[in-house]
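Residue-level listing of the chains:
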Amino acid sequence: MAVEKPNNSDRLTWVGRSPDRLDAKSKVTGTAVFIEDIQLRGMLHGKVLRSPYPHAKIKSIDTSRAEKMPGVVGVATGEDIPFLHGESLHDDSFLARDKVRYAGEGVAAVAAIDEATAEAALEMIAVDYEELPAVFDPVEAAKPDAPVLHEALETYRHAPGINPVAGTNICNHFQLRKGDVQKAFDAADYIFEDTFTTPMHHHCFIETHGSICLVNDDNELTLWTNNDSPYRCRAEISTALNIPLNKIRIINAPYIGGNFGGKGGLKGEACAIALAWKVRNRPIRLIYTRQEEFCASSGRHPSVIRLKTGVNRDGEILARQVEMYWATGGYAGKGPTICRFGGVSGAGPYKIPNVSIDGYCVYTNRQIACAMRGYSGPQGAWAYDSHMDIIARKLGIDPLEFRLRHVYTNGDTHTSGQEIYSAGLKQCLETVAAKMNWGKPVAAPGRGRGIACMERAIKTPFGSAAFVKVNEDGTAEILSSTTEVGQGSETVLCQIAAETLGVPLAAVSKAAPDTAFTPFDASTTSSRSTFHMGNAVRTAAADARAQVLALAAEQMAVPVDDLTIEAGTIYARKSPREKHTVAEVLKARYGASATVLGRGYYYPKTEAPGEYFSTHMIFWLLGAHGVEVEVNQDTGEVKIVKVYAAHDIGKAIHPDNCEAQIQGGIGFGIGAALLEGYEYREGDVINPSFLHYKIPTALEMAEVEAALVEEPHHDGPFGAKGVGETSNVPLPPAIGNAIYDAVGVRIKDLPITPEKVLRALRKKAEEQPDTAIRKRASVAN
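Keep in mind it's a predicted model, so treat the numbers as computed, not measured. (Residues numbered from 1 in each chain as written. Predicted model: local features only at pLDDT ≥ 70, side-chain atom pairs only at ≥ 80, totals over all residues. Heavy atoms only, no water.)

### A few points about the nonpolar core
- Membership of the largest hydrophobic core comes to 122 residues, with the highest contact counts inside it found for Ile735, Ile739 and Ile752.
- No other element matches the 8 residues that helix H10 (residues 377-395) contributes to this core.
- Among the nonpolar cores identified, the runner-up in size contains 42 residues, and Cys494, Ala497, Val596 and Ala720 belong to it. (Core = buried A, V, L, I, M, F, W, Y, C linked by side-chain atoms within 4.5 Å. Buried < 20%, exposed > 50% of the residue type's maximum accessible area, 1.4 Å probe, protein only. Helix = DSSP H or I, 4+ residues; strand = E, 2+ residues; numbered from the N terminus.)

Here is the structure:
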């Protein structure tokens, strides 16, 4: 993979370099510790009985035979833990109560001396169900006459800014208005309307969900887990069980074997907690199987997105109306905030004077949808940047030129009303276009090129805290609750600390999150760790550095402002002959009791402090992709010849890691565009394994040429922003646009399979193409 890396000629020692990742050796040698490696004395093993029906009343549960089995220590049902949990909307049971709302929902759980016994005991549990009408399509589920999944929706506790609609399946209705859309449509010369859909995608992380839970007789709860956000996890448990925060301890495994958003919230944790709530004083471990991951866990929200755009004869967009349906499954999960994020960016990263956006997060009788790499970005970009291409081509305008006319630049006002700053999206588009020689025609038949861009909101405003502890020997430890899920944050945070402290990178390490010791962090999500936790770590390291330099100034009898630290050595800039190591300075003052603790906290300043998921962002994730494809018109097969990518990262703390994030995101994007999607028979998943759920392999990966665009952020650590979560987002629309450029057919429903391409080609051959645009006509492609 070729990558254009930034020039790091500034005088930085560790920031902007690409040292070996600190987790590399332990992972390649097999010594890294994951949740399954943790063994506790007296540990029991849990298994979950799951519903075979997508929607049914639970008339009775008989656990008596299971409870009598040798080796079974306890059996839990929803009646044993009659509480509701959730992040922004508290609607989910730890185990189903009264009824089930998707096939795969946990109904009862067994704790036994080993997994085999627990598994056998599940067969002894008798559940009497009464099937209910089910609904699977989010548009149908949003209708007033649809079967209602949550009759008590209006009674559920929810966060501010979340708007459930009582008596319906709509658990959040997001609205955003700007200008007068209808008046602008009336004035438009052309009206374009399109509908796009995406299926549920699976995270496909290597490590499945796993937790170990212990609850004692005093309701003190300890949870060992591979959750991505220990403090958010703790808060959800505390609210649900009404236990004070200091009685709950979340201990993360040192490493998490992949996340992509899927390890947030309470999933396997909920079932483990239910068992531990029933069976006290014994740690109980519950590890999901791969089939449970597919059928009982979560995936990316299926979506239906409708766009209507009014344009004048000069190619200026006057108005856009967006209607977004998010199928959140049987429970809200992260759907309400995904609906909110998706709605904020629903019109795309474009200057449009009149906008109307409605987002509907809708209950359906399928497994819970959740965060997945992009958090609404992939669905939204697939719609708005395919739609942009359709408009440009119908108007006879170059698709790149059309985007550049409308894309946000610094000083513009976003649809949300926020002023845009630190935005390098235009540069991303121009960089991709230059690399792929956009203006040069593609000569080969069946070949085509496409381009697309995107924006994605960042979780704002939420805080992050860190401690940097300087030890007796001058080494330093970061105490931070950012989780290492494979994204490289451990290394990046240590680079920031080493740079700020003035010590070697080898002298800095980071502790695994433990809410008893590591301070608060809102979450390891939304590509926020480098920016938010990076700021906290930098502040904490600067605090520790200031304390060390104050001690040195006293000992060396020089003004503190004259002193500096380089490679762990302190000296005066004006007379650098006298030098002392950090360890020597600490020992001289404190002897064998030497230590310094630096503290840092970062909370972004926004127009509405304390607002829950603000519509004004501390920064935006921005990027553009270009693709060259080759379409076999006999088979419908699409081959990706090359991908060009540019992402605005602010400042590359670790350029190789940024490159890896882009490459991994492109793999994700290829899967979403061409291969992936759950297949259902009513409420049952019929492709719940890697044998039938296709993901890209090395054979499907394309050559990638990437660029790191650095539009520095004035509040970012060394100017950095983020990159990892959305490096997949622009690729599916770029591929769809390239296919149209190659063979003149437009696919609007992901994935773009050979069958869909062939059907479209046959339809095109049968129909007389009508390329005329009628003034003020509704154009459907």
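This is not the end of the story, as more comes after the structure.
### Some thoughts on helix H18 (residues 754-766)
- The first and last C-alpha atoms of H18 sit 18 Å apart over 13 residues, in line with the 18 Å expected at 1.5 Å per residue.
- The set of residues buried in H18 consists of Val757, Leu758, Ala760 and Leu761. One face of H18 carries all of its buried residues, which in axial projection span an arc of 165 degrees. Looking at H18, the residues exposed on the side facing more than 90 degrees away from the buried face are Arg759, Arg762 and Glu766.
- Where the residues of H18 are buried, they touch strand S29 (621-631), strand S30 (638-648) and helix H17 (731-743). (Expected span 1.5 Å × (residues − 1). Arc of directions from axis to C-beta. Contact = heavy atoms within 4.5 Å.)

### Overview of the pattern of salt bridges
- In this structure the tally under the stated criterion is 36 salt bridges.
- A salt bridge links Arg21 to Glu484; the nearest nitrogen and oxygen atoms lie 3.7 Å apart. Here Arg21, found in the loop between strand S1 (2-4) and helix H1 (24-28), pairs with Glu484, found in the loop between strand S23 (476-480) and helix H13 (489-501); they are 463 residues apart in sequence, far enough to count as distant.
- Residue classification places Glu484 among the buried positions, given a relative accessible area of 7%.
- With a closest N to O distance of 2.9 Å, Asp358 and Arg177 form a salt bridge. A residue pair is termed long-range when its members are at least 10 positions apart, and Asp358 in strand S19 (residues 354-363) and Arg177 in strand S10 (residues 170-178) qualify at 181 residues.
- Taking the relative accessible area as the measure of exposure, Asp358 reaches 11% and is therefore buried.
- Each of Asp385, Asp389, Arg393, Arg403, Asp741 and Arg746 takes part in a single network of salt bridges with overlapping partners. (Salt bridge = Lys/Arg side-chain N within 4 Å of Asp/Glu carboxyl O.)

### Notes on the sheet that holds strand S28 (residues 596-602)
- Spatially, S24-S23-S22-S28 is the arrangement adopted by the 4 strands of the open sheet, whose pairing is mixed. At either margin of the open sheet sits one strand with a lone partner, and together these are strand S24 (508-510) and S28. Shown here is a sheet whose adjacent strand axes are inclined to one another by a mean of 20 degrees, direction ignored.
- Note that S23 and S24 share 3 bridges and pair parallel. If you follow Glu477 over to S24, its bridge partner there is Ser509. (Pairing = 2+ DSSP bridges. Axes fitted to C-alpha atoms, helices over the stretch in contact; angles between N-to-C directions.)

### Some details on the packing of helix H11 (residues 399-406) against helix H12 (residues 425-435)
- For the pair H11 and H12, interaxial distance at closest approach is 10 Å and the crossing angle is 165 degrees. Comparing their axes, H12 and H11 come out roughly antiparallel. Crossing hand, H11 versus H12: left-handed. Seen from H11, the contacting residues are Leu400, Arg403 and Leu404; seen from H12, they are Lys426, Leu429, Glu430 and Ala433.
- Classifying every residue of the contact of H11 with H12 gives 4 nonpolar, no polar and 3 charged. (Parallel < 35°, antiparallel > 145°, perpendicular 65-115°, else oblique. Left-handed = near helix turned anticlockwise from the far one by under 90°. Nonpolar A, V, L, I, M, F, W, Y, C, P; charged D, E, K, R; others polar.)

### Some details on the sheet that holds strand S26 (residues 569-572)
- Pairing is antiparallel across the open sheet formed by 3 strands, whose spatial order is S25-S26-S27. Edge positions in the open sheet fall to strand S25 (563-566) and strand S27 (579-581), since each of these has one partner strand only. Between one strand axis and the next, the sheet turns through 30 degrees on average, direction left out of account.
- Where helix H14 (residues 529-556) meets the sheet, its contacts fall on S25, S26 and S27, and the angle it forms with S25 comes to roughly 120 degrees.
- Packed on one face of the sheet, helix H15 (residues 582-590) meets S25, S26 and S27 and runs near 80 degrees to S27.

### With respect to the packing of helix H16 (residues 655-675) against H17
- In the contact formed by H16 and H17, the axes pass within 8 Å of each other and the chain directions differ by 55 degrees. By the angle between their axes, H16 is oblique relative to H17. Like other packed secondary-structure pairs, H16 and H17 cross with a definite hand, here right-handed. Facing H16, whose interface residues are Ile666, Gly669, Ile670, Ala672, Ala673 and Leu674, H17 presents Leu731, Pro732 and Ile735.
- Class assignment of the residues belonging to the contact of H16 with H17 gives a composition of 8 nonpolar, 1 polar and no charged.

### Some thoughts on the state of the cysteines
- Applying the stated criterion across every chain yields a total of 0 disulfides.
- For Cys295, which is in no disulfide, the shortest distance to another cysteine sulfur is to Cys204 and amounts to 13 Å.
- Between Cys370, a cysteine without a disulfide, and Cys361, which holds the nearest cysteine sulfur, the sulfur-to-sulfur distance is 12 Å. (Disulfide = S-S within 2.5 Å.)

### Describing helix H9 (residues 335-344)
- Among the 10 residues of H9, 10 are classified as buried, and the element is accordingly described as predominantly covered.
- Every buried residue of H9 is listed here: Gly335, Pro336, Thr337, Ile338, Cys339, Arg340, Phe341, Gly342, Gly343 and Val344.
- Taken together, the buried residues of H9 touch S10, strand S18 (317-329), S19, strand S20 (369-370) and strand S21 (447-456).

### Here's the deal with the packing of aromatic side chains
- Overall, the coordinates contain 18 aromatic pairs when judged by the stated rule.
- For the pair Phe294 and Phe690, a centre-to-centre distance of 5.6 Å together with 75 degrees between the ring planes defines the contact as edge-to-face. Pair noted here: Phe294 is in helix H8 (residues 290-296) and Phe690 is in the loop between strand S32 (684-685) and strand S33 (703-709), with a separation of 396 residues, a long-range link.
- Over the aromatic face of Tyr288 sits the side chain of Arg50, whose NZ or CZ is 5.2 Å from the ring centroid.
- Arg280 extends its terminal NZ or CZ atom over the ring of Trp277, reaching a point 4.6 Å from the ring centre. (Phe/Tyr/Trp six-rings, centres within 6.5 Å; stacked < 30°, edge-to-face > 60°. Lys NZ or Arg CZ within 6 Å of the ring centre and 35° of its normal.)

### Describing unusual backbone geometry
- In this structure, the amide linkage connecting Thr460 to the following residue, Pro461, adopts the cis form with an omega of -10 degrees.
- Considering the arrangement of structural elements, one finds Pro461 in the loop between S21 and strand S22 (464-470).
- A cis amide bond links Leu750 to the next residue, Pro751, at an omega of -5 degrees.
- Within the fold, Pro751 resides in the loop between H17 and H18.

Read these as spatial facts, not as claims about activity.
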